[in-house]
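Structural overview
Single-letter residue listing:
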Amino acid sequence: RPIRLHHRLLLSSFFSLFLFLPGMNAAVRAVVRMGLYVGAKVYFIHEGYQGMVDGGDNIREASWESVSSMLQVGGTVIGSARCKEFRTHEGRLKAAHNLVQRGITNLCVIGGDGSLTGANLFREEWSGLLTDALILPGLIEQDSVQKYSALHIVGMVGSIDNDFCGTDMTIGTDSALHRIIEVVDAIMTTAQSHQRTFVLEVMGRHCGYLALVSALACGADWVLIPEMPPEDGWEDKMCQKLSATRSRGTRLNIIIVAEGAIDRHGKPITSSFVKDLVVKNLGFDTRVTILGHVQRGGTPSAFDRILASRMGVEAVLALLETTANTPACVVSLCGNQSVRLPLMECVEMTQEVQKAMDEKRFEEAVKLRGRSFENNLKTYKLLAHRAPVVRSFSNFNVAVLNVGAPAAGMNAAVRSAVRVGISEGHKVFAVSDGFEGFYKGQIKEIKWADVGGWTGQGGSLLGTKRRGSLPFGALYCFLMAPLFHHCTSSPPHNTQPPLMDAKALGSALQGFLSLLELLTAREKYEEFCVPMVMVPATVSNNVPGSDLSIGADTALNAITSTCDRIKQSASGTKRRVFIIETMGGYCGYLASVGGLAAGADAAYIYEEPFDIRDLQANVEHLTEKMKTSIQRGLVLRNENSNENYTTDFIYQLYSEEGKGVFDCRKNVLGHMQQGGAPSPFDRNFGTKISAKAMQWVTRKLGETFRQGRVFANSEDSCCLLGMRRRALVFQPVVQLKGETDFIHRIPKEQWWLKLRPLMKILAKYKTSYDVSDSGQLEHVVHNRPKELDASVAM
């Protein structure tokens, strides 16, 4: 239930935090500000464990202002260092003394499995360390031992390798993927003038996550990772694959190698070895690119900022609820939900992965990595290596089309649907220009090679139009158009004209509305009694039945990077507030979550009504902050948040009320949020969700194929595939009608609204925070649903 946490904490004892972050500054900012919000005294410990051992000025009290203007900064502003001394009893004794001197008994540790294991050992030894300190004269007093008798630990995982079991994603991984994909996209442009093979070596000494996901995101021809070494004879198979790809007219081959890649006998596979192999066997012009520490740098992505902020707040809540008997926990991400897991269970499973690899139990190592890693590997194999299925029942014709406005990641979704459909033995047809093209018969068969290189392309290569360009009733007239007679083959023994047996739609809310119409039309036209499924694709993220949509992450990154530049433009000038308008229709997702990622002071949306009193309170709040500390303010407004309080009105209000304190600037971001190359998240989300959708289509076709034809008229044969908290779920569209506000084209309940108080807290507003949905301590083996392959966090 909603409570005012700061009132609650002031009734409890002294409270403080320690931060050790080799990842994202957003986590530092969130923990510090949430800690101050609940009434805690918060400390930085600079240079990690080394600073904790050395003490002195390395341990400093943090203030609200000390974490300002750091969201966009990479690395960690408080530093990080390896510390051999902390591994000794004497070093930990010094660290304990330094913490007790300042009354610190709660630690928020951000690091990898080694850092977190060290923190847990420190917690277990704590009482003994204090007892030992009593022996040394003048070190600590007896009452201090009693007062600070227990040490509480909560961990967050910061690692670009994503090598920690129990979480779908670690802080820093998405930003590293952005660096890799930026390089791959740049390399791909050289293919316009040169026919070359590129071998990219990425980080991952013990974990192949970065290599695997970047290969999936760019459609690499081959990937080599330590968890799943290639079978003996892989050299010839790889060269055959490269040769076949080149023979189809492709001018570029990409091979991605994790730095820890090995063969089945444990022998390292280096990028230089792969290059020499290609040159020797094929004679291709081949280049090696070793990315190295480039992957660790740069501006954090929107995903990482949001993830780190959510984890930081959850870590503070976990520390509030811990007791002397509570085991150390780590805050993790499962699907789209924060969970708390016992720290040592996660560490032990992470160590078990390496043990399985050392003992050459590679299949087990992949499973131990988690469902997300396993799904990525399965999807890559499915899309990279063509192996059509020959079924005992008939193969079918499947149409793929995009509906509504374009969204980055649509092309990756179409590529995935096409290739999985072909692998399932179907003949796949592409429909141009959405339902208008469907109506006009703009349909042609699409082959495996036709979708090569589509993953990194923005917009919609198939073309898409808003449904408004087609007369509303024309959807019922498909049967009269020649589109169903366009195919050249059909199931055997089918006495009817060749028909489309299924449709897969990558679309926004317009696709959802269209499916409802097609479902209704089944009563009049039997030809619509075929399996139909849609996957959500819209920057607005307003599709009912799904927490996330393809394209929304790319739009968030566009907003975040633009806000960073806008705020930087005021560097060195007088105090300034920026009023920024975002897209989204009536859905405030982009404004709210973009505001959280960019560090906004306010975000105005339709779902949370506001009036002139709220606007005035925001202006006064920002004016007060401007007088004391901050130099720049940021206010976001969703385009349809209010009919009368327009962006111009808010700009003029802030300009007038801020005279003498700050001036204002206005920016309308417009369609730049809809364009650009898709982010790694959108590429992989689109790829995996579309693969799952096409496999569902195959199952439904098999279930509904009777007496030489397909007849699917049940509600569950017309579905939306969406992400619900931890799982990807197929939901009949008719069941989602009650969850939809059709007038404003938004779901009636939206999960991200629970993040809005978090944005306000981090902007120094006094507000209530709903802890009813906070994570509960679970066990690692229970943190994922069993009935579905749920992990979609890349």
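Fair warning: this is a prediction, and the values are worked out from it, not measured in the lab. (Residues numbered from 1 in each chain as written. Predicted model: local features only at pLDDT ≥ 70, side-chain atom pairs only at ≥ 80, totals over all residues. Heavy atoms only, no water.)

A few points about the overall build of the chain
Our working rule: Going along the chain from the N terminus, every DSSP run of H or I of four or more residues is numbered as a helix, and every run of E of two or more is numbered as a strand. The rule is simple: take the accessible area with a 1.4 Å probe, protein chains only, and divide by the maximum for that residue type; under 20% is buried, over 50% is exposed, in between is partly exposed. What makes two residues a contact is simply this: any of their non-hydrogen atoms within 4.5 Å. We get accessible surface area from the Shrake-Rupley algorithm with a probe of 1.4 Å; when it comes to residues, only the shown protein chains can shield them.
A tally of regular secondary structure across the chain gives 23 helices and 28 strands. Taking all 794 residues of the chain together, 62% fall into the buried category. Sequence-distant contacts in the chain: of pairs separated by 6 or more residues, those separated by 24 or more amount to 79%. Working note: accessible area of the chain is about 30,100 Å², and carbon and sulfur atoms make up 50% of it.

A few points about the environment of isoleucine 255
Structurally, isoleucine 255 can be placed in strand β9 (residues 252-258). Residues isoleucine 255 and leucine 224, spaced 31 residues apart in sequence, show a C-alpha to C-alpha distance of 8.1 Å. Those residues in contact with isoleucine 255 that lie beyond four places of it in its chain are Thr197, Phe198, Val199, Leu200, Trp222, Met238, Leu242, Val274 and Val278.

A look at the pairing of strand β7 (residues 196-202)
Rules: In this analysis, strands are considered paired if DSSP registers two or more bridges between them.
Of all the 7 residues making up β7, 7 are buried; the element is thus mostly covered by neighbouring parts of the structure. Here β7 shows no split at all, with Arg196, Phe198, Leu200 and Val202 on one side and Thr197, Val199 and Glu201 on the other all buried. Where β7 lies against β9, 7 bridges are found, and the strand directions are parallel. Directly across from threonine 197, in β9, lies its bridge partner asparagine 253. Here β7 runs beside strand β10 (residues 286-290); their pairing, made up of 5 bridges, is parallel. Each residue of the ladder has a partner; that of phenylalanine 198, found in β10, is arginine 287.

Concerning the sheet that holds strand β8 (residues 222-224)
Let me state the cut-off plainly: Simply put, an axis is a line fit to the C-alpha atoms, just over the touching stretch for a helix, and the angle between two N-to-C directions goes from 0 to 180 degrees.
Judged by pairing direction, the sheet is parallel, and its 4 strands sit side by side in the order β8-β9-β7-β10 without closing on themselves. Of all the strands in the sheet, just β8 and β10 have a single pairing partner and so form its edges. The mean angle between the axes of side-by-side strands here comes to 15°, regardless of whether they run parallel or antiparallel. Helix α7 (residues 173-189) contacts β7, β9 and β10 of the sheet and is inclined by roughly 170° relative to β7.

Quick notes on the UniProt feature "active site" (unreviewed entry) in the chain
Cut-off, in case you're wondering: UniProt positions are given in the numbering used here, feature names are shortened, and annotations may be inferred rather than shown by experiment.
The residues that UniProt annotates with the feature "active site" (unreviewed entry) are Asp161. By the secondary structure assignment, aspartate 161 is in the loop between β6 (152-157) and α7. Once residues lying within four places of it in the same chain are set aside, the contact partners of aspartate 161 are Thr173, Met203, Gly204, Cys207, Tyr209 and Leu210.

What about the packing of helix α14 (residues 371-384) against helix α22 (residues 680-704)?
Quick note on the threshold: The cut-offs work like this: below 35 degrees is roughly parallel, past 145 is roughly antiparallel, 65 to 115 is roughly perpendicular, and the gaps in between are oblique. For any helix crossing, the convention is left-handed if the near helix is rotated counterclockwise from the far helix by under a right angle, and right-handed if that rotation is clockwise. In this classification, Asp, Glu, Lys and Arg are treated as charged, Ala, Val, Leu, Ile, Met, Phe, Trp, Tyr, Cys and Pro as nonpolar, and every other residue, Gly included, as polar.
At a closest axis distance of 10 Å, the pairing of α14 and α22 adopts a crossing angle of 70°. In this view, α14 runs roughly perpendicular relative to α22, as classed from their interaxial angle. Where α14 crosses over α22, the two elements pack in a sense that is left-handed. Along the contact surface, α14 presents Ser372, Asn375, Asn376, Thr379, Leu382 and Leu383, while α22 presents Thr687, Lys688, Ala691 and Gln695. For the contact of α14 with α22, the class distribution of residues is 3 nonpolar, 6 polar and 1 charged.

Here's the deal with the sheet that holds strand β19 (residues 602-604)
With parallel pairing, the 4 strands of this open sheet are ordered in space as β19-β20-β18-β21. Here the strands that pair on one side only, and so sit at the sheet edges, are β19 and β21 (663-668). Recorded for the sheet is a direction-independent mean angle of 20° between the axes of neighbouring strands. One ladder, built from 7 bridges, connects strand β18 (residues 576-582) with strand β20 (residues 632-638); its direction is parallel. Bridged to glutamate 581 within β20 is arginine 637. With respect to the sheet, helix α18 (residues 552-569) is in contact with β18, β20 and β21, its orientation differing from that of β18 by roughly 160°. Strands in contact with helix α19 (residues 589-598) are β18, β19 and β20; relative to β20, the strand with the most contacts, it is inclined by about 160°.

Details of the confidence of the model for the chain
Using the following cut-off: What pLDDT reports is the predictor's confidence in each residue, on a scale of 0 through 100.
Residue-level pLDDT values for the chain average 85, and 88% of them are 70 or greater. With pLDDT under 50 throughout, residues 1-22 is counted as low confidence; its partners more than four residues away or in other chains account for 86 contacts. Within the model, pLDDT remains below 50 along residues 782-794, and this stretch shows 58 contacts once partners closer than five positions in the same chain are excluded.

Description of helix α5 (residues 113-135)
Given 3.6 residues to a turn, an α-helix orients residues that are three or four positions apart in the same direction. Rule in force here: Under the convention used throughout, the expected extent of a helix is 1.5 Å for every residue step, that is, one less than its residue count. Throughout, bend refers to the angle between the axes fitted to the seven residues that end at a position and the seven residues that start at it.
Taking 1.5 Å of rise per residue, 23 residues should cover 33 Å, and α5 covers 33 Å from first to last C-alpha, within 8% of that figure. Remark: the principal bend of α5, roughly 55°, maps to tryptophan 126. Residues Ser115, Leu116, Gly118, Ala119, Asn120, Phe122, Trp126, Leu129, Leu130 and Ala133 constitute the buried set of α5.

Details of the pairing of strand β17 (residues 532-536)
Of all the 5 residues making up β17, 5 are buried; the element is thus mostly covered by neighbouring parts of the structure. Alternating residues of β17 divide into Met532, Met534 and Pro536 and Val533 and Val535, and every residue in both groups is buried. The pairing of β17 with strand β24 (residues 718-724) spans 3 bridges and is parallel. Bridged to methionine 532 within β24 is cysteine 718.

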